[in-house]
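Topology and contacts: notes
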Amino acid sequence: LQHYFIQSNLSRMSGERVEVGFAEALENPLLFAPQHFPSKVGGHPAWLNPSNLPDVSLCPSCHQPLTFLAQVYAGLDRPSNGFHRMLYVFCCRRAECYKEGKQPVKVLRCQLAAENPFYGVEPVPEGDASVNELGENKSFALSHNGYTNLCRVCGGKGPLACGKCRQVHYCCKEHQKLEWSEHKRHCNEDAKSFNSQPEYLCKSSKLFKEFDIVIESEKEKENVKIADEELERMQNSSESYDISLKDAESLSKEYGTDHDPTFTKFKERIARDPEQILRYARHDAQPLWPVANSQCSSVPACGCCGASRSFEFQLLPTLLYVVGDSDLDWSTIAVYTCSSDCEVEGYVEEFAWTQAYVK
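Residues numbered from 1 in each chain as written. Predicted model: local features only at pLDDT ≥ 70, side-chain atom pairs only at ≥ 80, totals over all residues. Heavy atoms only, no water.

**Some thoughts on the pattern of salt bridges**
Taken as a whole and assessed by the stated rule, the structure comprises 13 salt bridges. Note that arginine 85 and glutamate 312 form a salt bridge whose closest N and O atoms lie 2.8 Å from each other. Placement of arginine 85 in strand β4 (residues 84–91) and of glutamate 312 in strand β10 (residues 309–315) is noted, with a sequence separation of 227 residues between them. Accessibility expressed as a relative area gives 1% for arginine 85, which makes it buried. Given a relative accessible area of 0%, glutamate 312 falls into the buried group. Here the salt bridges do not stand alone but share partners, grouping Arg85, Arg282, Glu312 and Asp341 into one network. (Salt bridge = Lys/Arg side-chain N within 4 Å of Asp/Glu carboxyl O. Helix = DSSP H or I, 4+ residues; strand = E, 2+ residues; numbered from the N terminus. Buried < 20%, exposed > 50% of the residue type's maximum accessible area, 1.4 Å probe, protein only.)

**Observations concerning the pairing of β4**
On any regular strand, side chains alternate: one points to one face of the sheet, the next to the other face. For β4, a buried count of 8 out of 8 residues is recorded, marking the element as mostly surrounded by other parts of the structure. Of the two faces of β4, the one lined by His84, Met86, Tyr88 and Phe90 and the one lined by Arg85, Leu87, Val89 and Cys91 are each fully buried. Bridge count for strand β3 (residues 67–73) against β4 is 6 bridges, and the pairing is antiparallel. In the sheet register, valine 72 faces β4, and the bridge partner there is leucine 87. Two elements, β4 and strand β5 (residues 105–112), share 8 bridges in a ladder whose sense is antiparallel. Each residue of the ladder has a partner; that of tyrosine 88, found in β5, is leucine 108. (Pairing = 2+ DSSP bridges.)

**Considerations on the environment of glutamine 176**
Secondary-structure assignment places glutamine 176 in helix α4 (residues 173–183). By relative accessible area, which is 22% here, glutamine 176 ends up partly exposed. Expressed as a C-alpha distance, the spacing of glutamine 176 and valine 153, which sit 23 residues apart in the sequence, is 7.8 Å. Setting aside chain neighbours within four positions, we find glutamine 176 in contact with Ala161, Cys162, Gly163 and Tyr170. (Contact = heavy atoms within 4.5 Å.)

**Remarks on the nonpolar core**
One finds Leu48, Leu69, Tyr88, Phe313 and Leu315 to be the most contacted residues of the largest nonpolar core, which totals 47 residues. If one sorts the elements of this core by residue count, β4 sits on top with 6 residues. The residues touching phenylalanine 313, leaving out its near neighbours within four places in the chain, are Val72, Leu87, Val89, Leu278, Arg279, Tyr280, Ile333, Ala334 and Val335. In this structure, Ala281, Trp289, Phe311 and Ala334 belong to the second largest nonpolar core, which totals 11 residues. (Core = buried A, V, L, I, M, F, W, Y, C linked by side-chain atoms within 4.5 Å.)

**Quick word on the packing of aromatic side chains**
For the structure shown, the criterion picks out 12 aromatic pairs. Where tryptophan 47 meets tyrosine 88, the ring centres are 5.2 Å apart and the plane angle is 35°; that geometry is what we call tilted. Note that tryptophan 47 is positioned in the loop between β2 (40–41) and β3 and tyrosine 88 in strand β4, a separation of 41 residues in sequence. Three or more aromatic residues link up through ring pairs in this structure, and these residues are Trp47, Phe68, Tyr88, Phe90 and Tyr347. Seen from the ring of phenylalanine 32, lysine 40 lies directly overhead, with NZ or CZ sitting 5.3 Å from the centre. Its guanidinium or amino end placed over the ring of phenylalanine 208, arginine 93 lies 3.9 Å from that ring's centre, counting from NZ or CZ. (Phe/Tyr/Trp six-rings, centres within 6.5 Å; stacked < 30°, edge-to-face > 60°. Lys NZ or Arg CZ within 6 Å of the ring centre and 35° of its normal.)

**Quick look at the pairing of β3**
With 7 of 7 residues buried, β3 lies mostly within the body of the structure. Pairing of β2 with β3, which is carried by 2 bridges, proceeds in the antiparallel orientation. Across the sheet, valine 41 pairs through a bridge with alanine 70, a residue of β3.

**Observations concerning the confidence of the model for the chain**
Residues of the chain with pLDDT of at least 70 account for 73%, and the chain-wide mean is 79. For the chain, the element scoring lowest by mean pLDDT is helix α2 (residues 131–135), at 39; strand β9 (residues 278–280) scores highest, at 97. Predicted confidence for residues 130–145 stays below pLDDT 50, and this span has 30 contacts to residues more than four positions away or in other chains. (pLDDT = per-residue confidence, 0-100.)

Structure (structure tokens):
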């Protein structure tokens, strides 16, 4: 089990130590399969428990299906429920749904014990990531065949089937309509062979771009050398290291020449690892807020056990630049989870706070 513990070192930090995540392209998309327990951005979710998928989440504002944004693997140092632990983030892609303090983001937590019906105790080597080997792999077969049909568009639970070929599934009529222009070319006797690929290899244009998340320890302050003139430039400009130009413009419009010390602190800290898209500090720190307004002031208790929730990780605006979304405009998404690490079955909702730019 030691290999799994090393793979999931996110869950074993203490003090004020912070881990940062970077988006990297993955040459072999088969490594995004569930049995490799990926931390990733975009594409389809790699469902940890394939037998008990949640219903597709809807935006509380526009009532359209939320889009999968990212997932983080952070297993616990225990063989019981929680040994495998995955957190999923879904969000609405309509910019107007983030206005006036609305929160169109949802986080799900899923856990499994070390011994479970879907995965072996020993991890699947990355060298096994080929079509033939995966096709013969027990965990792959169990986690993708014979359980829940997946939506061809979003990779969520797909209870609806194409009325003509009955081979392709969808979560809702909206996604069926979105995909019809593509599917109608295959909606015949060849649909079965067209649908034979694993769902996580079928990338819809409606999804966010897919990247692997590589985790590293945040650089210490003394190891980051910033010249005095560079620091002064940071404090007196709207530029933020490798944050999209759109984000910088949003901040400039909000603050103008009046500099926000919260934003200055944010820029100085991010400068240690300019390309980071994720900050992880489970139960040991607070979010690094980019701006002073719209910070989370109240976090509800765990809906399963009643324990308080504490901060676990946040997604940064650099992520919007990475996935190429030109419409969304938030400063960070902070995720809070059960501080007692309670055991759960299936998928349970945790709490996310989206800090929007207040103009």
